[in-house]
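# Chains, contacts and geometry: an overview
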Amino acid sequence: MKISKNRLKQIIKEELDSVDEGLENVTPENIQIALEALKQIAVNFSPALAAAIAAGAYAGLKDKLSKPDAEDE
């Protein structure tokens, strides 16, 4: 599909205009709401993240402790 140069310019102009329209909705209140939502997500996922880190640390320690040291031989 070919697009003329003028049509491409028109499409780009329309897209840039739509971006400006979206910025009208960015207010300090909306940013605060988004940050509160992000904070809630972090609180909800932190136990899962902590469990994954603990499981990884346990596996690493288990591997180290189960291998005999070269000095002991």
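Whatever comes next refers back to the structure up there.
Structure report, in brief. (Residues numbered from 1 in each chain as written. Predicted model: local features only at pLDDT ≥ 70, side-chain atom pairs only at ≥ 80, totals over all residues. Heavy atoms only, no water.)

### Looking at the overall build of the protein chain
Stated precisely, the cut-off is as follows: We count a stretch as a helix when DSSP gives it H or I for four or more residues in a row; a strand needs E for two or more, and each element gets its number in order from the N terminus. Whether a residue is buried, partly exposed or exposed follows from its accessible area with a 1.4 Å probe, protein chains only, as a fraction of its type maximum: under 20%, in between, or over 50%, in that order. Only the protein chains shown count as cover for residues, and all accessible areas are computed by the Shrake-Rupley method using a 1.4 Å probe.
Each helix and strand counted, the protein chain has two helices and zero strands in total. Burial statistics for the protein chain: of 73 residues in total, 0% are counted as buried. Summing over all exposed atoms, the protein chain offers an accessible surface of approximately 7,000 Å²; the carbon and sulfur share of this is 63%.

### A short note on a nonpolar patch on the surface
Short version of the rule: Two joining distances apply to patches: 9 Å for like charges and 5 Å for nonpolar side chains (Val, Leu, Ile, Met, Phe, Trp, Tyr), and every residue must have over 30% relative accessible area and no salt bridge. Counted as salt bridges are all cases of a side-chain nitrogen of Lys or Arg within 4 Å of a carboxyl oxygen of Asp or Glu.
Residues Met1, Ile3, Leu8, Ile12 and Leu16 make up a contiguous nonpolar surface patch of about 580 Å² in total accessible area. Within the fold, Ile12 resides in helix H1 (residues 5-23). The exposure class assigned to Ile12 is partly exposed, which follows from its relative accessible area of 46%.

### Side note on helix H2 (residues 28-66)
As a reminder of what qualifies: One less than the residue count of a helix, multiplied by 1.5 Å, gives the span that helix is expected to have. In this scheme, the bend at a residue equals the angle between the axes fitted to the seven residues that finish there and the seven that begin there.
With 39 residues, H2 ought to run about 57 Å at 1.5 Å a step, and its terminal C-alpha atoms sit 55 Å apart, in line with that. Maximum bend of H2: about 40°, positioned at Phe45, with proline Pro47 one to four residues after it.

### Observations concerning the pattern of salt bridges
Summed over all chains, the structure comprises one salt bridge. For the salt bridge of Lys39 with Glu36, the shortest nitrogen-to-oxygen distance reads 3.9 Å. Of this pair, Lys39 and Glu36 both sit in helix H2, three residues apart, which is roughly one turn of the helix. For Lys39, a relative accessible area of 51% corresponds to the exposed category.

Structural measurements only, silent on function.
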